[in-house]
Amino acid sequence: MRAAIRLAGGREVCFVCTLDEDGVVQTARVVARGDVGSVLALPGFARRGEMLVHNHPSGLLEPSGADYDVAARMHDDGIGFAIIDNGATALYVVVEVPRADELTQLDPDRVAHDLGPDGPIALEHARYEDRLSQRAMAATIARVYNEGGVGLLEAGTGVGKSLGYLLPALRWAAANGERTIVSTNTINLQEQLVGKDLPFLARALTDQKVRFALLKGWRNYLCKARLEQASGGAAQLFDDGMAAEVATLAAWAERTADGSLADLPTPPRPEVWDEVSAEGDLCPRMKCAHFDECFVFKARRAAAQADVIVVNHHLLLSDLAVRRAAQNWDDAAVLPAYGRLVVDEGHHLEDAAAAHLGATVTRRGLQRLVSRLDRRGKGLLPALTMRLSASTDLLSTASLDLLEARLAPSVSALSRKSALLFDLLDTFIEQEGQSVVRLAQGFATHPIWKAGLSLALEDTLGEIDLLGEGLRLVRERIEGSAKLDEQLTPLLNEMRSVTKRLQTAGDGLRRALTPPPDDDSVRWVEVRGRERSVAVSVVPLDLAPILREDLFKRLDSTIVTSATLTASRGDVATDTRRFAFLAARLGLDDPELTPTTAIFPSPFSYETHSLLAIPSDIPAPNVDADGHRNAVTQIVLDLSEASDGGLFVLFTSHREVRQLANELRARGVERRWPLLVHGDESRDALLARFRDSGRAILLGTASFWEGVDVPGDALRGLVIAKLPFRVPTEPVTAAQCEAITARGGDAFAEFMLPHASLRLKQGFGRLIRTGTDRGVVVICDPRIVTKRYGRGLLEALPPARRVIGRWGVIVERVREFYADAG
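Since this is a predicted model, take the numbers as computed values, not measurements.

1. Observations regarding the packing of aromatic side chains
When we look at a pair of aromatic rings, we describe it by the centre distance and by the angle of the planes.
Argument step 1. For the structure shown, the criterion picks out twelve aromatic pairs.
Argument step 2. Consider the rings of Phe725 and Tyr789, whose centres lie 6.0 Å apart with planes at 90°: the pair is edge-to-face. Pair noted here: Phe725 is in the loop between β21 (717-720) and α27 (731-742) and Tyr789 is in the loop between α29 (783-786) and α30 (790-795), with a separation of 64 residues, a long-range link.
Argument step 3. A centroid spacing of 5.6 Å and a plane angle of 90° characterise the contact between Phe817 and Tyr818, whose relative ring orientation is edge-to-face.
Argument step 4. When its relative accessible area of 4% is taken as the criterion, Phe817 is described as buried.
Argument step 5. Taken together, the aromatic side chains of Trp218, Phe291 and Phe297 make up a single cluster linked through ring pairs.
Argument step 6. Note that Arg301 overlies the ring of Phe291, its terminal NZ or CZ placed 5.4 Å from the centroid.

2. Observations concerning helix α28 (residues 747-764)
Residues that lie three or four places apart on an α-helix share one face, since the helix turns once every 3.6 residues.
Argument step 1. For α28, built from 18 residues, the straight-helix expectation of 26 Å at 1.5 Å per residue is met to within 8% by its first-to-last C-alpha distance of 25 Å.
Argument step 2. Along α28, the largest kink reaches about 30° and is centred on Leu753; proline Pro754 follows within four residues of it.
Argument step 3. With respect to burial, α28 is a largely interior element, 16 of its 18 residues being buried.
Argument step 4. You can read the cap of α28 off the contacts: a side-chain oxygen lies 3.1 Å from the backbone nitrogen of Phe748, and it is on Asp746.

3. Re unusual backbone geometry
Keep in mind that most residues, glycine aside, have a negative phi and that most peptide bonds are trans.
Argument step 1. Positive phi is not limited to glycine here, since Glu345 has a value of about 50°.
Argument step 2. Inspection of the secondary structure puts Glu345 in the loop between β10 (340-343) and α14 (349-357).
Argument step 3. For Glu345, a relative accessible area of 14% translates into the label buried.
Argument step 4. Phi angles above zero are rare outside glycine, and Asp644 is one such case at about 55°.
Argument step 5. Accessibility expressed as a relative area gives 34% for Asp644, which makes it partly exposed.

4. Quick look at the sheet that holds strand β4 (residues 80-84)
Argument step 1. Strand order in the open sheet formed by five strands is β2-β1-β3-β4-β5, with mixed pairing between adjacent strands. Only two strands of the sheet have a single partner each, and these edge strands are β2 (25-33) and β5 (91-95). Sheet twist, expressed as the mean angle between neighbouring strand axes with direction ignored, is 30°.
Argument step 2. As paired strands, strand β3 (residues 51-55) and β4 are joined by five bridges and run parallel to one another. Each bridged residue has a counterpart across the sheet, and for Leu52 the counterpart in β4 is Phe81.

5. Some details on the side chain of Arg766
Argument step 1. As for its placement among the helices and strands, Arg766 is situated in the loop between α28 and β22 (775-779).
Argument step 2. Despite its burial, Arg766 remains without a salt bridge, the nearest opposite charge being carried by Asp709 at 5.9 Å.
Argument step 3. Reaching out from Arg766, the side chain makes a polar contact with the backbone oxygen of Val708 at a distance of 2.8 Å.
Argument step 4. Apart from residues no more than four positions distant in its own chain, Arg766 is found in contact with Phe648, Phe704, Trp705, Glu706, Gly707, Val708 and Leu715.

Conventions we followed
- Residues numbered from 1 in each chain as written.
- Predicted model: local features only at pLDDT ≥ 70, side-chain atom pairs only at ≥ 80, totals over all residues.
- Heavy atoms only, no water.
- Phe/Tyr/Trp six-rings, centres within 6.5 Å; stacked < 30°, edge-to-face > 60°.
- Helix = DSSP H or I, 4+ residues; strand = E, 2+ residues; numbered from the N terminus.
- Buried < 20%, exposed > 50% of the residue type's maximum accessible area, 1.4 Å probe, protein only.
- Lys NZ or Arg CZ within 6 Å of the ring centre and 35° of its normal.
- Expected span 1.5 Å × (residues − 1).
- Bend = angle between axes of the 7 residues up to and from the residue.
- Polar contact = N/O pair within 3.5 Å; in protein donor to acceptor, adjacent residues only side chain to side chain.
- Pairing = 2+ DSSP bridges.
- Axes fitted to C-alpha atoms, helices over the stretch in contact; angles between N-to-C directions.
- Lys, Arg positive; Asp, Glu negative; His and termini not counted.
- Salt bridge = Lys/Arg side-chain N within 4 Å of Asp/Glu carboxyl O.
- Contact = heavy atoms within 4.5 Å.

Below is the structure:
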């Protein structure tokens, strides 16, 4: 503490301290410098049980009026307050750390009652339905909050799982003052929680205050300081036409409520948003002239006071990555400090972890970073050149010479050499004859290295280092002049941020292309899109230990929930065994973390409202692809006749979607029913047209298997073209299967089959979304009844009536089903 005060020139420094059981200060961390009142602007700066300590440069430890005001506010949050002298030899405690209260346990029965017919939810809900599964789920979550640990809870469609976990989270906050982070995978669910469910609970729970917030990543928000800078230097930063977008953003900034990208009616071009979005490593925090009205800190202040903070998986895992890098588990990082977590859509958590604990570097992404520095005479470098050229003093001239001698050549060279690197990787991919190529151990001796890849990688990484060194020299030169420093610091900070991102990209290239010998990461290169943008990726093979040690074990309680957490391994298993696959993937198979597991069944009457048809006389897709495709075409035509459209047809590849679209168009389907094809328009546009039509046929892949909600009669039939097994040659899948086989396991039963089971359940779940929905599901893959593992896949699906046999016979049952509905 003494050293920190000296570094601040003896001025006021604010520390957050931890104390031992005897009240002796054990650790201290600096949280602010300057007036003690300024610390109140920091979101989540201290936790209950800690003490805020600041020095009085005068040496007098008498509390001021401001000190008493701050102390009172800190005490309300369970935080103590004290004053020290500059030598840190004397401590005056203004307010002791409030004694930690014992946690107040929730009554699971009372929590369940809140959701019952005599509870506050029923009184407020205009169309209340008593859902026994929802009440049981809420009671189970209350017990996990009380006892700690992890809950793996599957809640079928219609259970109302969001209220099932939000209610106990809010009751816990009211009883114990502890916030809960709720993480989702999709924007749709985030919007439902913040726009519908939490406001509803705020009205219904009249006996407590309900505080909630939606928190997004930094780059989702506009930065007023960067907007001001971009507006002033638009001519140097942007190509023709982009300056008008900056002006539009400036006008929008005056009227937007939250300043987030989602609030923009028309998003700007990425190049423009790159220059005006908030960046954590550029932000001067409280020194910024716009701090009080900053969109980021407005959101973070609201989050710091919230009982429930809604985020997405990517932000949650970004926070984890930052905490792991800093080994900081107690302070605010990307998110405020928290000890309670709910992960909804939990089957996506592993993939989100891979995205943030691995790295991907693309040709397009790297070139965009270089273009921010210099893009045909536009960018940060030309803007800095112009500013320096406007001054005639010797320091400006010398800095300009250094910039032209060091930075400009490095930017130009990096553009050329990185382009050559990705050209060579593109050549390698073409030689391999695949769009995605896994980089195994043998890649280190591939001829492409001698053909120039080795030198191109070395040159690219070298130019990134030279760029960073050149920028450091320019900064040191300019910092010699207070006048220049004030004028140019924002631009130099922007360039430093870009250089830092380039260094991160360089690290990603190094990890993926030249890893250390003992590295077991999964590495691959691929081409994306029509522009053939080459991407290089690397992810850890085993994420389970990271999630176990650095997420679940560090929290007081975690709820992982979804409509699909249990999976078949080919047999009919107990409920506990059905959770085994996901538990292992998330690191929850450790004896210290044995999770609470439960399945809360859907309240919908699948037996009477849905029919599952499985034709057994069509070719299997892995045996006769052409015959299978012809059979699927006929089934779609027959089902469309019976239902008068209103169909989803789900595939596992875009190629299959295009093939069926061409066949249906050739048969004149579009003259009878609107045909909507994945890829022709955005997903949201296709769904809007599907809902509006009421009798369309939608052909989709990947993103239509889940997260799509079409309640009502518009969707009344679902065709699943084939069992959704992962592509065995996909790099991560291949590596996982190899690892299982290497330890003597069965890769198909332990990995491929459970993944297919989860995906199949998600696809099936698109059909019945409300208690009155009706429809038919056709699985066009005979393997589900001819293979031994099929029984387990069927048992994992909702209990719809099953009809299995020849399609010519089954189709009559299908027609009867729709006729009865009419």
